[in-house]
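# What the coordinates show
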Amino acid sequence: MDAGDRLAQQIETMRQMLAEAEPASLRAGYLADPSAGNPVLQGSTATALVPRWNEHPSGLLVPASYQEPAPIDLAVAFLTPDEIFGSQLSAGYTERQLQRVPVEGVLRFCAMVLNALAVPGASVAAVDQGFVDLAFNEPVRSRVLNLLKDKTRRLLVPQAFMLLARMAMETSPDTLPEGTQEGDIVGALFALTQTMGVFPDSGPSIIGDRPGTVGRELIANQHFNHNWSVAGFLARYARRWLQLPDERQGEAGIVNLGQAYHDCTGIEFESLAAVAGYLWMVTTSGRFVIEPGELAFLGIPAEQVESVLSLISTDIPGMREAIRSERPEQRTEWSFDPFQRWPVLRLPEDWLLILDPRHLLNRTFGWLPILDIKFPPPEHTKPAGHRRLAGQAESTLRHLSEVYVSEVLHKITGDEGATRRVYDDAELKAAYTAQGQRVADAAIDYPGTWIVIEVTTSQLRREAATAVPGESQIEDIDKLLEELDQIDATITALRRDEAALTGTAATAVRRYLPLLVLPEGFPVNPITLTVIRERARARGLLQAVDTDPVEIVDIEELEMIEGIQEDSGPSLLDILRGKQSGSLRNSAVRDHIFHVMRLHPSRPARHSDLLEAALKPLGDTLPRPSQDPPRREQG
């Protein structure tokens with residue numbers, strides 16, 4: 001038997017082993033149609049359950065049927081009045097109806113929905129359905145519920161409720177004359193949405209180095225609708241405002257923020273936290289209107305409670321005046337400054353109304369208390385050296401925000417003991433001492449790659465955040481390019497002499513990933529990221545072939561990655577690299593984590609103690625369980 005016969009015999013033996021016992025019908029089917037879109041498992045005629053696989057750049061195999069989301073898939077479309085009622089509402093409908101609705105009724109209507117949406121863990125779909133059941137009769141109710149079965153559709157627009165409240169302050173009366181029929185507040189709300197976001201000139205349709213009209217609106221939209229995790233928000237407050245100033249006391253330029261607040265406002269910082277914390281806690285239980293008598297049960301002197309309320313609240317006449325005095329050229333569909341300055345409204349008969357809990361948290365636990373230090377209440381005498389103290393307080397908060405970011409980076413990398421991965425500002429400055437050398441705030445040494453990080457507490461100015469026409473957004477973006485210049489200079493230094501920092505020469509070719517961290521947030525989307533990268537390219541920044549595109553994260557996204565690391569998930573580098581090769585490469589890092597990686601990160605373990613520290617002023621002042629604060633019906 002020659003070699004050809006032996007090969008034929010071996011093939012026949014293998015065929016018998018693998019296929020001889022098949023039913024004839026299967027064998028006939030296979031012989032007649034071996035593929036035709038129905039791949040079989042290797043070595044058999046059994047159809048594969050998953051017919052095709054695609055290999056990601058990471059090497060991961062996923063079913064071909066799985067499609068990664070595109071940026072447009074993250075958007076939701078709100079129902080229009082035409083879809084809801086079957087026709088559009090007439091021009092001026094909102095104003096005509098508000099003229100026949102008492103202003104307090106409008107405020108309660110808006111607060112009802114805004115508070116429901118702000119409850120931690122609230123389901124937007126459930127709030128939509130609850131509103132439908134409350135506001136619509138048949139056949140409108142069934143029509144809307146059927147439309148909402150499409151998960152990409154929504155009914156309630158938070159911005160519209162804020163605009164309705166603002167318009168009511170200018171239009172609605174305090175009371176209605178006897179016998180006047182009350183206006184249609186639901187129709188007034190949805191008539192308002194007909195004209196929102198409608199502009200005669202949408203600007204260029206190709207994204208370049210300027211955002212244009214649509215980009216300007218998208219930036220304002222994302223800024224307004226950005227929701228921080230409440231637990232993380234309060235944890236960061238505890239670390240930056242309460243703990244770090246004590247730990248860093250004695251360092252040059254560091255002041256005690258709580259003491260500075262008291263000196264400039266006459267208000268104990270703990271009193272502000274307790275009163276605001278109690279008001280926020282009430283909203284989480286479903287109430288958004290309370291009476292000041294409840295606050296008397298807190299273990300805080302009455303004059304301190306009143307001082308806090310005088311700072312964060314105003315009455316309806318005061319709110320009317322504040323809104324009417326706004327400069328018309330600074331007013332857009334996204335500007336709600338008076339409501340953000342005074343998130344608590346004093347109603348008649350001493351009721352207190354919280355319009356939107358997000359504004360209350362930002363006003364008292366975010367960045368805004370710095371403004372109280374800089375611009376004290378007129379009835380309080382400024383301390384000696386006020387301007388210098390206010391400047392020190394602001395620079396202290398900015399510095400401690402950067403310190404906090406550094407702490408998170410060390411947690412993410414597990415940089416403890418003898419292990420060295422994160423190099424902070426001090427090490428970079430010590431390594432690269434040439435005259436005029438600019439260095440970034442941190443660099444992280446991963447195998448084969450440096451992540452070079454600059455932290456900036458810059459925030460969008462009011463004009464940029466509210467889409468005021470002009471150059472404000474471009475000017476704010478150009479400020480970020482100054483930070484990119486520091487990253488670029490640091491990459492150049494590392495490329496030239498890595499050993500000056502690490503003590504060891506690079507053993508392989510390195511890549512560099514620039515990362516800009518904005519702790520206070522920045523609206524990252526395909527427009528803003530493209531504009532920043534294009535303007536960096538025009539300046540020749542971060543253009544070397546060994547340098548990846550710049551990424552932008554906020555502090556909450558870093559803490560998400562910290563939580564992922566605690567669950568033994570992928571590294572910061574893996575997440576950023578995966579994003580750059582994924583379908584949401586031009587969106588925010590959180591979008592990649594939620595919608596491409598499909599992860600829902602846990603809170604970092606250290607947040608538990610920080611959250612307890614943030615709420616301690618409230619816990620210390622709450623009445624004992626045997627004491628129940630008075631409750632009246634809200635009406």
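Right above here is the structure, for reference.
Notes on the structure in this doc start here. (Residues numbered from 1 in each chain as written. Predicted model: local features only at pLDDT ≥ 70, side-chain atom pairs only at ≥ 80, totals over all residues. Heavy atoms only, no water.)

### Digging into the overall build of the protein
- Secondary structure assignment for the protein yields 29 helices and 13 strands.
- By residue count, 48% of the 635 residues in the protein fall in the buried class.
- Contacts spanning at least 24 positions in sequence make up 75% of the contacts within the protein whose residues lie at least 6 apart.
- Surface summary for the protein: the accessible area is close to 30600 Å², and the carbon and sulfur share equals 53%. (Helix = DSSP H or I, 4+ residues; strand = E, 2+ residues; numbered from the N terminus. Buried < 20%, exposed > 50% of the residue type's maximum accessible area, 1.4 Å probe, protein only. Contact = heavy atoms within 4.5 Å. Areas by Shrake-Rupley, 256 points an atom, 1.4 Å probe, with all protein chains shown as cover.)

### Observations concerning the packing of helix H6 (residues 124-135) against helix H7 (residues 140-147)
- Between H6 and H7, whose axes approach to 9 Å, the crossing angle comes to 170 degrees. Taken together, the axis directions place H6 and H7 in an arrangement best described as roughly antiparallel. Together, Gln129, Val132 and Asp133 of H6 and Arg141, Val144 and Leu145 of H7 make up the contact between the two elements.
- Each residue belonging to the contact of H6 with H7 can be placed in one class, and the counts come to 3 nonpolar, 1 polar and 2 charged. (Axes fitted to C-alpha atoms, helices over the stretch in contact; angles between N-to-C directions. Parallel < 35°, antiparallel > 145°, perpendicular 65-115°, else oblique. Nonpolar A, V, L, I, M, F, W, Y, C, P; charged D, E, K, R; others polar.)

### What to know about the side chain of Glu557
- Position of Glu557 among the secondary structure elements: in helix H26 (residues 555-566).
- Glu557 gets classed as buried once you look at its relative accessible area, which sits at 3%.

### A few points about the sheet that holds strand S7 (residues 344-346)
- In spatial order, the strands read S5-S8-S7-S6; together these 4 strands make up an open sheet with mixed pairing. At either margin of the open sheet sits one strand with a lone partner, and together these are strand S5 (289-290) and strand S6 (313-315).
- Pairing of S7 with strand S8 (residues 352-354), which is carried by 3 bridges, proceeds in the antiparallel orientation. Residue pairing for S8: Val344 is matched across the bridge by Ile354.
- In this fold helix H16 (residues 316-324) packs onto S6 and S7, with an angle of close to 95 degrees to the strand it touches most, S6. (Pairing = 2+ DSSP bridges.)

### Remarks on helix H28 (residues 589-596)
- Burial analysis of H28 places 6 of its 8 residues in the buried class, the great majority of the element.
- The complete set of buried residues in H28 reads Val589, Arg590, Asp591, His592, Ile593 and Val596.
- Elements in contact with the buried residues of H28: strand S13 (551-553), H26 and helix H27 (572-580).
- Directly beyond the C-terminal end of H28, a positive phi value near 55 degrees is found at Arg598.

### Brief notes about the nonpolar core
- Counting residues in each nonpolar core, the largest one holds 77 residues, and the members touching the most others are Leu279, Leu295, Ile451, Ile453 and Leu558.
- With 10 residues, the single largest contributor to this core is helix H13 (residues 269-284).
- Non-local contacts of Leu558, meaning those with residues more than four positions away in its chain, are made with Val405, Val408, Leu409, Ile412, Val517 and Val553.
- Core analysis: the second largest hydrophobic core is formed by 56 residues, Val106, Leu114, Phe190 and Phe339 among them. (Core = buried A, V, L, I, M, F, W, Y, C linked by side-chain atoms within 4.5 Å.)

### Structural notes on unusual backbone geometry
- Between Glu138 and the following residue, Pro139, the backbone shows a cis peptide bond with an omega angle of 5 degrees.
- Despite not being glycine, Asp350 has its phi angle at roughly 70 degrees, a positive value.
- Along the chain, the position of Asp350 falls in the loop between S7 and S8.
- For Arg598, which is not a glycine, the phi torsion comes out positive at approximately 55 degrees.
- Mapped onto the secondary structure, Arg598 falls in the loop between H28 and helix H29 (607-621).

### Let's talk about the sheet that holds strand S12 (residues 511-517)
- Taken in spatial order, the 5 strands make up an open sheet running S9-S10-S11-S12-S13, and their pairing is mixed. Because the sheet does not close on itself, it has two edges, and the strands there are strand S9 (422-424) and S13. The mean inter-strand angle of the sheet, taken between neighbouring strand axes irrespective of direction, is 25 degrees.
- In the sheet, strand S10 (residues 442-446) pairs with strand S11 (residues 449-455) via 5 bridges, with the strands oriented antiparallel.

### Describing the side chain of His386
- Looking at the element boundaries, His386 is found in helix H20 (residues 386-413).
- From its side chain, His386 meets the backbone oxygen of Ile373 in a polar contact 2.8 Å long. (Polar contact = N/O pair within 3.5 Å; in protein donor to acceptor, adjacent residues only side chain to side chain.)

### Digging into the packing of helix H5 (residues 103-118) against helix H9 (residues 185-195)
- For the pair H5 and H9, the least separation of the axes is 11 Å and the interaxial angle reads 65 degrees. On the basis of the axis angle, H5 is roughly perpendicular to H9. You can see that H5 and H9 cross each other, and the crossing is right-handed. For the pair H5 and H9, the contacting residues are Gly105, Val106 and Phe109 in the first and Ile185, Val186 and Leu189 in the second.
- Taken together, the residues that form the contact of H5 with H9 break down as 5 nonpolar, 1 polar and no charged. (Left-handed = near helix turned anticlockwise from the far one by under 90°.)

### Concerning the pattern of salt bridges
- With the rule as written, the count across this model stands at 43 salt bridges.
- A salt bridge links Arg236 to Glu556; the nearest nitrogen and oxygen atoms lie 3.6 Å apart. Taken together, the positions of Arg236 in helix H11 (residues 230-247) and Glu556 in helix H26 put the pair 320 residues apart, joining distant regions of the chain.
- Residue class for Glu556 comes out buried when judged on its relative accessible area of 7%.
- Across the salt bridge formed by Glu475 and Arg461, the nearest N and O atoms sit 2.8 Å from each other. Separated by 14 residues along the polypeptide, Glu475 in helix H23 (residues 472-496) and Arg461 in the loop between S11 and helix H22 (462-465) bring together distant segments of the chain.
- By relative accessible area, Glu475 is classed as partly exposed at 40%.
- Sharing partners across several salt bridges, the network here consists of Arg236, Asp554, Glu556, Glu557, Glu559, Glu562, Arg590 and Arg606. (Salt bridge = Lys/Arg side-chain N within 4 Å of Asp/Glu carboxyl O.)

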